[in-house]
Amino acid sequence: MARKKKMSTSKKVAIAALALVIVVGGIFGFSALLKNSSSNTNVLNEYLGEDMTTQDLSQMTDSYAFLVAANSQEGLLSRKSNGSPKAGLAKSWSHSKDGLTWTFHLRKGLKWSNGDKLTASDFVYAWQRTVNPKTASQYAYIYSGIKNADAINSGKDKDLSSLGIKAKGENTLVVTLSHPMPQFENLMAFPVFFAQDKKFESSLGSKVGTSSSKQVYDGPYKFVGWNGSNKKFKLVPNKNYWDAKAVKNKGVDFQVITDPTAALALYNKGELDQVSLTTSQQIKKYKNSKNLKIYNNSRTDYIEYNQTGKVKGLTNAKIREALNLATDRKSISQSVSEGLDGIPTGMTPAGLAKTATGGDFAKAAAKATAYAYNIKKAKKLFAEGMKEAGLKKLTLTIEGSSDSTVTKSTLDTLQQSWSELPGLTVKEKLVPFKQRLLDQENHNFDVVLAAWGADYAEPLTFLNMFVTDGANNDGKWSNKQYDTLINNASDKDALSDTKRTADEIKAEKTLYDDSAVNPVFWVNAATLSNSKVKGVQYFSSGASYYFWNAYRSKK
């Protein structure tokens, strides 16, 4: 899924929420929200497992924000039900033979929800704003590959107009890449690349997107009723959307429900259209239900170690390897999902991407890695690492999201097994989702349980996170060989499926060999959904749901 598309460990809550969710990828649900919405109207009832954060397209980083943006905004391209690109605000597009120049032709007469004209220059403004280092967008790195994006974002190039996007009149955009990008078309349907209304935003400054009224919308819906902290809000049809007649419902009502028991109770009362099963007890109870659906989340929950030097011991590779070996992933999966969640063999989850020969990338990469639980070997390595680091005792605090239903049991299992390591004391720290993200960004943690959902269906959406000084590299791990592999996969080998896959498998092995991070489980989502709600589109990468084709049937 990008800078922090980081989804809370409770993304499951969200995923099951809609027609499933995630970050994605997205955790969402449904709930009867406002008094005028009920299960008998053509309004969808959804819930979010955690609070909304922002609707500033340059600042959003989590699955909840992306979910709302993907339905209230539209990009140059949109997505078919199978996830492949289709026309969006651009009615047609083409590219040069070398894959470096892309031309998009916008539909005529496009408008923002407030009536402002939407033109090609709105995309130019949005892209320049996101890569501008003054904006401090955590997702700016995803622009890498677009001409001069890296130089601008790093501050080396002060000329925003040098970015590889130009407006040719009101309805034509030309994008220039510095190297081919296999994921480029998919990215054009990702909210970080959507247009922004400069006329509307110019007077708002840092307040852009801090409430639903401090944003305008060009998608199927308008977002209304959110003041920045309240728990109830909704999507309503946008009459200015170019294809407003295609919206098959009267909107989507949301509320924030962090208690999975409460969410399930509302679903059973018919007040939610979908609900995520987020505990092993719930999954066990409903595993034979005809309304149960299992979704591949394309999300990895993983441990990041603070390797800035501020935390004694964690810069030692043997200590990190010992912690990885002392991680009982099978027990964690059993405790949080009755074994539904996958046991990871790498950072890139199964089912996300294919190799050059058509096989599953995660399966191919697993031949180069060997993540396993081996407490005996872990104790030996930990003792060696402690000696090398000049330590006799070490205390580590594992941080996770308090508003996630699976974090506590995950941390409990980690604490139990890690505490077997000689001289190690393990503490737990549970904080709200927003605080956990902030602590990660500021490297204010010892060990953190993080989550990432795919932004696009290619391993680089995960592997890009860990390049030296990468925006999502919160542990500040650094490895020159790894950086070279990712650079090759992103640049000179980008158009060769065989070479790019080989680079990416070697990158997975490098992460494993150096115990850079610790993948804990691959998230799958168990969702109960109302059989009368039809047409909700779910995606395992990027924003998780499209709602506008959904409707409530009478049968």
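Scroll up for the structure.
S.K.: I'd like to hear about the packing of helix H9 (residues 317–325) against helix H12 (residues 375–389), residue by residue, with values.
M.R.: Where H9 contacts H12, the two axes come as close as 7 Å, and the packing angle between them is 160°. If you check the angle between H9 and H12, you find them roughly antiparallel. Read as a crossing pair, H9 and H12 show a hand that is left-handed. Taken together, the residues of H12 that come into contact with H9 (itself represented by Lys318, Ile319, Glu321, Ala322 and Leu325) are Ile375, Lys377, Ala378, Leu381, Phe382, Glu384, Gly385, Met386, Glu388 and Ala389. A per-class count over the contact of H9 with H12 returns 9 nonpolar, 1 polar and 5 charged.

S.K.: Describe the sheet that holds strand S17 (residues 517–529), and please don't skip the residues or the numbers.
M.R.: With respect to topology, 6 strands assemble into an open sheet ordered S12-S17-S13-S16-S14-S15, the strand pairing being mixed. Each of the sheet's edge strands pairs with one partner strand only, and the pair in question is strand S12 (274–277) and strand S15 (424–431). In this sheet, neighbouring strand axes are inclined to one another by 30° on average, regardless of whether the strands run parallel or antiparallel. Across 2 bridges, strand S14 (residues 394–401) lies against strand S16 (residues 447–453) in parallel orientation. Counterpart to Glu399 in the pairing with S16 is Val448.

S.K.: Which residues make up H9, and what are the values?
M.R.: Of all the residues in H9, the buried ones are Ile319, Arg320, Ala322, Leu323, Asn324 and Leu325. One side-chain oxygen at the N-terminal end of H9 lies 2.9 Å from the backbone nitrogen of Lys318; it belongs to Asn316.

S.K.: Could you give an account of helix H17 (residues 497–513), naming the residues involved and the relevant values?
M.R.: Taking 1.5 Å of rise per residue, the 17 residues of H17 would be expected to cover 24 Å, and the 24 Å separating its terminal C-alpha atoms lies within 8% of that figure. Packed against the buried residues of H17 are helix H11 (361–365), helix H15 (460–463), helix H16 (480–490) and S17. Once H17 finishes, Ser515 follows within two positions and takes phi at roughly 50°, a positive value.

S.K.: Could you give an account of the environment of Ile142, naming the residues involved and the relevant values?
M.R.: For Ile142, the position within the fold is in the loop between helix H3 (120–131) and helix H4 (149–154). Separated by 330 residues in the primary sequence, Ile142 and Asn472 have C-alpha atoms spaced 11 Å apart.

S.K.: So what about the nonpolar core? Which residues, and what values?
M.R.: Nonpolar side chains tend toward joint burial in soluble globular proteins. Membership of the largest hydrophobic core comes to 104 residues, with the highest contact counts inside it found for Phe104, Phe123, Trp127, Ile142, Phe193 and Phe547. If you tally residues by element for this core, the top one is helix H2 (residues 63–72), at 7 residues. If you look at the next biggest cluster of nonpolar residues, it comprises 32 residues, including Phe382, Leu391, Ile398 and Val523.

S.K.: So what about the side chain of Asp493? Which residues, and what values?
M.R.: As for its position among the elements, Asp493 is in the loop between H16 and H17. When its relative accessible area of 5% is taken as the criterion, Asp493 is described as buried.

S.K.: Any chance you could break down the sheet that holds strand S6 (residues 101–106) for me, citing the residues and the numbers?
M.R.: Pairing between the strands of a sheet comes from backbone hydrogen bonds, and it takes one of two forms, parallel or antiparallel. Taking strand neighbours across the sheet as the criterion, the 4 strands line up as S5-S6-S8-S7 in an open arrangement whose pairing is antiparallel. Strand pairing shows two members of the sheet lacking a second neighbour, strand S5 (90–95) and strand S7 (165–167), which therefore form its edges. Between one strand axis and the next, the sheet turns by 20° as a mean value, whatever way the strands run. With 3 bridges connecting them, S7 and strand S8 (residues 172–176) associate as antiparallel partners. In the sheet register, Ala167 faces S8, and the bridge partner there is Leu173. Each of S6, S7 and S8 is contacted by H3, which is oriented at about 150° to S7, the strand it contacts most.

S.K.: Before we move on, can you summarise the pairing of S8 with the specific residues and values?
M.R.: In the case of a regular strand, side chains alternate between the two sheet surfaces. With respect to burial, S8 is a largely interior element, 4 of its 5 residues being buried. Note: S6 against S8, 5 bridges, orientation antiparallel. Note on S8: the bridge partner recorded for Thr101 is Thr176. The hairpin formed by S7 and S8 contains 4 residues between the paired strands, and Gly169 there has a positive phi angle of roughly 80°.

S.K.: Got a sec to walk through the packing of aromatic side chains? Specific residues and values, please.
M.R.: Under the criterion given, the structure shown has 26 aromatic pairs. Taken together, a centroid distance of 6.0 Å and an interplanar angle of 90° make the contact between Tyr302 and Phe466 edge-to-face. With a gap of 164 residues between them, Tyr302 in strand S13 (residues 292–305) and Phe466 in the loop between H15 and H16 connect regions that are remote in the sequence. Overall, the relative accessible area of 0% leaves Tyr302 in the buried class. The residue whose ring lies beneath Arg79 is Phe539, and the NZ or CZ to ring-centre distance is 3.8 Å. Residue placement shows Arg107 over the ring face of Trp242; its charged tip is 3.5 Å from the ring centre.

S.K.: Hey, could you go over the pattern of salt bridges for me, with residue numbers and the actual values?
M.R.: With the rule as written, the count across this model stands at 20 salt bridges. Linking Asp497 and Arg500 is a salt bridge whose minimum nitrogen-to-oxygen distance equals 3.1 Å. Here Asp497 pairs with Arg500, and both are found in helix H17, just 3 residues apart, close to one helical turn. Judged by its relative accessible area of 9%, Arg500 is buried. Here the salt bridges share partners, and the residues they tie into one network are Lys318, Lys380, Glu384 and Glu388.

S.K.: Describe the packing of H16 against H17, naming the residues involved and giving the relevant values.
M.R.: H17 packs onto H16 with a crossing angle of 155° between their chain directions and a minimal axis gap of 9 Å. Taken together, the axis directions place H16 and H17 in an arrangement best described as roughly antiparallel. Two packed elements cross with a definite hand, and for H16 against H17 that hand is left-handed. Contacts between H16 and H17 involve Gln481, Tyr482, Leu485, Ile486, Asn488 and Ala489 from the first element and Arg500, Asp503, Glu504, Lys506, Ala507, Thr510 and Leu511 from the second. Counted by class, the contact of H16 with H17 contains 6 nonpolar, 3 polar and 4 charged residues.

Cut-offs and rules
Residues numbered from 1 in each chain as written. Predicted model: local features only at pLDDT ≥ 70, side-chain atom pairs only at ≥ 80, totals over all residues. Heavy atoms only, no water. Axes fitted to C-alpha atoms, helices over the stretch in contact; angles between N-to-C directions. Helix = DSSP H or I, 4+ residues; strand = E, 2+ residues; numbered from the N terminus. Parallel < 35°, antiparallel > 145°, perpendicular 65-115°, else oblique. Left-handed = near helix turned anticlockwise from the far one by under 90°. Contact = heavy atoms within 4.5 Å. Nonpolar A, V, L, I, M, F, W, Y, C, P; charged D, E, K, R; others polar. Pairing = 2+ DSSP bridges. Buried < 20%, exposed > 50% of the residue type's maximum accessible area, 1.4 Å probe, protein only. Polar contact = N/O pair within 3.5 Å; in protein donor to acceptor, adjacent residues only side chain to side chain. Expected span 1.5 Å × (residues − 1). Core = buried A, V, L, I, M, F, W, Y, C linked by side-chain atoms within 4.5 Å. Phe/Tyr/Trp six-rings, centres within 6.5 Å; stacked < 30°, edge-to-face > 60°. Lys NZ or Arg CZ within 6 Å of the ring centre and 35° of its normal. Salt bridge = Lys/Arg side-chain N within 4 Å of Asp/Glu carboxyl O.

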